[in-house]
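Letter by letter, the chains look like this.
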Amino acid sequence: MAAYRCLRCAWLLLVFISSRYVVVSSEETTQGHDRVSVADNPQTAADTAKQPLEERRWEATQVDKAVPDDAAAAAHKQDFPVPDSVLTPTPQLNDEFKEELVIRPLHSGDIYASFQFRTVWETDFTRGSKVSHYRLFPKSLGQVISKFSVQELHISFTQGYWRTMQWGQPYHPSPPGAELWVWFQDTVTDVDATWKELTNVLSGIFCASLNFIDSTNTVQPSASFKPLGIANGTDHRFLRYATLPREIVCTENLTPWKKLLPCGSKAGLAVLLKSEKLFHSSFHSQAVHIRPVCQDQQCKTMSLELRQTLNVVFDLHTSGQGKREWSLFKMFSRTLTEACPLAASSKIYIDITDNPQEEQFELSPATPLLSQAVVLGDRRTFSVYDLTQQVTFGTVRSLNVLIRWKSTEGDMLRPLLHAERYVAGYGLQTGEIHTLMYNNHPFRSFPVLLLESVPWYLRLYIHTLTVTSKGKDNKPSYIHYEPSKDRVRPHLLEMLVQLPPHSVTEITVQFERALLKWTEYTPDPNHGFYVGSSVISALVPSTVAMNTNITEEQPLFSTFFPCKEESSYFVRVYTEPLLVNLPTPDFSMPYNVICLTCTVVAVGYGSLYNLLTRSFQIEEPNPGLAKRIANIIRKMRGVPPL
């Protein structure tokens, strides 16, 4: 028993000695590390002695980050005087997102809805600075702008043609199909190679056929498509423009477009973007515009603006309603329940200019908010629904704006400028392109800039170009023409023409159709070949004074095109695309030859093969019916058959 107690005491003593040795070793190691840190770090012993206070300062910094009130943060910093090297400032939010929906009832009974999503980011990609943190601005587009040194980018996808004489001027015009025009920075050395690579990247982002853009459908305008944002220079060598008039717009293009929004299609106005409703319409257009803009009126700070627009026109008859009554639910199959949480402004504008006393239609629910803005040279009045206010949704927590028509009377204000284009002639050798431009102003004339991009397989005879107004020759004041090269580049024709008041100006030019190689035809060559729309740019006289300061607070749909004159406004008009038939070989002939050859071979070779390989045997003819009956009777009688 005593031996057991002695052994137990010895074990306890050994454990105690080992623990003391470990503690002493750890203290020496800590002191050694402290000495090394003091030697390596140029910090005084007094600063080292303040280590507990420094730990409290770091804790105070963390708490200070979590406090949103600036006054509380300042008071906290006074209690704990922390050096600047310790405190980490909270990054300021230098981006802003706004969304708007404009609804304009049309006199034809149709309704026009225009979505505007605007993201402004206070950054500058032109200085070569790389940005790694994205909050509201989509990272995919930011990387594209930074990598390819893009100054401005404008891309649109449109299904249908805008009927100007029935619907008036759109807020954001676009031609049928796909349109892309880009201004590159002056630091780009090889613009053509950068343009080709950019189109391939955008083709993947928007799930479109932009990879078919090449030198055969790309032009370099010399006067059209000036920068819409801040431009240090307008050297048109850094501008590229291309269209794909046959591009089909579908859900696969709308889905990546919606993913660029900060809230996606989960909240805000984007919940109304339902594909089966948008594409069951008379006109649908979606676009992305990126440009540098001024942050303030003095333009000391530059910001990058991303504007996503979607325009749609719902037809009265194709919608299956049969009556002139519209609502958000009937148009989009959804109602609004909230604004986008990341949006600084979320509003719905209803154009009630032609309905001051509710004589034409009735708006429900009624709103006391009204707004006036000068849009396309006309002062318009709008009823405003502010989605950031909870009062807008009412007690049911849902907003369904209803427009019920009372009268079909009323005249639409005719647009001052619109254009048409068609192909004339007969046969498949020559033809003529006619472009008609209408100036409906009663007493004022104004110049327009016309851009024509014609494929190389329509060989223009530029000496046949004629411009007539009111039966007289109208000589253009500026003409820029670049002839095409077969399978290399298209024709480019730009003209500055003065349109007399209340007149129709006709521009005609003859062409000859080229014969393509059989590998250059489309899978359906008899359908024809598309020619992109003509582009007409003009400063149209305005009836009211325009506000040229684009930095002031205005509706988004009225501040897209910059204007420097108060008495006029900028408008861009697109004509119809052309469908031209080319000399087409009979692609069914090879099929007919194959069928005929196979038939001849099968009949001839088959007959000869049967004659050479078949064995013939002589067979006695079958006996007649009487003979067979006689043989049966003879067999029954036991007599041999005949």
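Refer to the structure above for everything that follows.
Residues numbered from 1 in each chain as written. Predicted model: local features only at pLDDT ≥ 70, side-chain atom pairs only at ≥ 80, totals over all residues. Heavy atoms only, no water.

**Q** Before we move on, could you go through the packing of aromatic side chains and cite the residues and values that matter?
**A** All told, the structure shown has 22 aromatic pairs when counted by the stated rule. Look at Y521 and F587: their rings are 5.5 Å apart centre to centre, the planes differ by 70°, and that puts the pair in the edge-to-face class. Remark: F587 occurs in the loop between β26 (578-580) and α11 (589-613) and Y521 occurs in the loop between β22 (503-513) and β23 (529-531); sequence separation between them is 66 residues. The buried category is assigned to Y521, whose relative accessible area is 10%. (Phe/Tyr/Trp six-rings, centres within 6.5 Å; stacked < 30°, edge-to-face > 60°. Helix = DSSP H or I, 4+ residues; strand = E, 2+ residues; numbered from the N terminus. Buried < 20%, exposed > 50% of the residue type's maximum accessible area, 1.4 Å probe, protein only.)

**Q** Describe in detail the state of the cysteines, supporting the description with residues and values.
**A** Tallied over the entire structure, the rule returns 1 disulfide. Free of any disulfide, C595 has its nearest neighbouring cysteine sulfur in C598, separated by 6.8 Å. (Disulfide = S-S within 2.5 Å.)

**Q** Break down empty space enclosed by the protein for me, with residues and values.
**A** Inspection of every chain in the model, using the stated rule, returns 7 cavities of 30 Å³ or more. A volume near 100 Å³ is recorded for the second largest cavity. Lining the second largest cavity, in full, are Y161, W162, T164, Q169, P170, P173, S174, P175, P176, R572, V573 and Y574. At 3 residues, the largest contribution of residues to the lining of the second largest cavity is made by strand β25 (residues 568-574). The residue inventory of the lining of the second largest cavity, partitioned by class, reads 8 nonpolar, 3 polar and 1 charged. (1 Å grid on protein atoms, 1.4 Å probe; cavity = no way out; pocket = protein on both sides within 12 Å on 5 of 7 lines; lining within 4 Å. Points joined across faces, edges and corners; volume = space filled by probe spheres on them. Nonpolar A, V, L, I, M, F, W, Y, C, P; charged D, E, K, R; others polar.)

**Q** Explain a nonpolar patch on the surface to me, using residue names and the numbers behind them.
**A** A contiguous nonpolar surface patch, about 360 Å² in accessible area, is contributed by V601, Y605 and Y609. Within the element layout of this structure, Y605 appears in helix α11. For Y605, a relative accessible area of 56% corresponds to the exposed category. (Patch = residues over 30% accessible without salt bridge, like charges linked within 9 Å, V, L, I, M, F, W, Y side chains within 5 Å. Areas by Shrake-Rupley, 256 points an atom, 1.4 Å probe, with all protein chains shown as cover. Salt bridge = Lys/Arg side-chain N within 4 Å of Asp/Glu carboxyl O.)

**Q** Please provide a residue-by-residue account of the pattern of salt bridges, values included.
**A** For the structure shown, the criterion picks out 16 salt bridges. Across the pair K274 and E276 runs a salt bridge, and its minimum N-O distance is 3.5 Å. Its relative accessible area of 48% is what places E276 among the partly exposed residues. With a closest N to O distance of 3.0 Å, R380 and D351 form a salt bridge. Taken together, the residues span a long stretch of sequence, with R380 in strand β13 (residues 378-386) and D351 in strand β10 (residues 345-351) at a distance of 29 residues. R380 gets classed as buried once you look at its relative accessible area, which sits at 15%. Among the residues examined, D351 registers a relative accessible area of 4% and is labelled buried.

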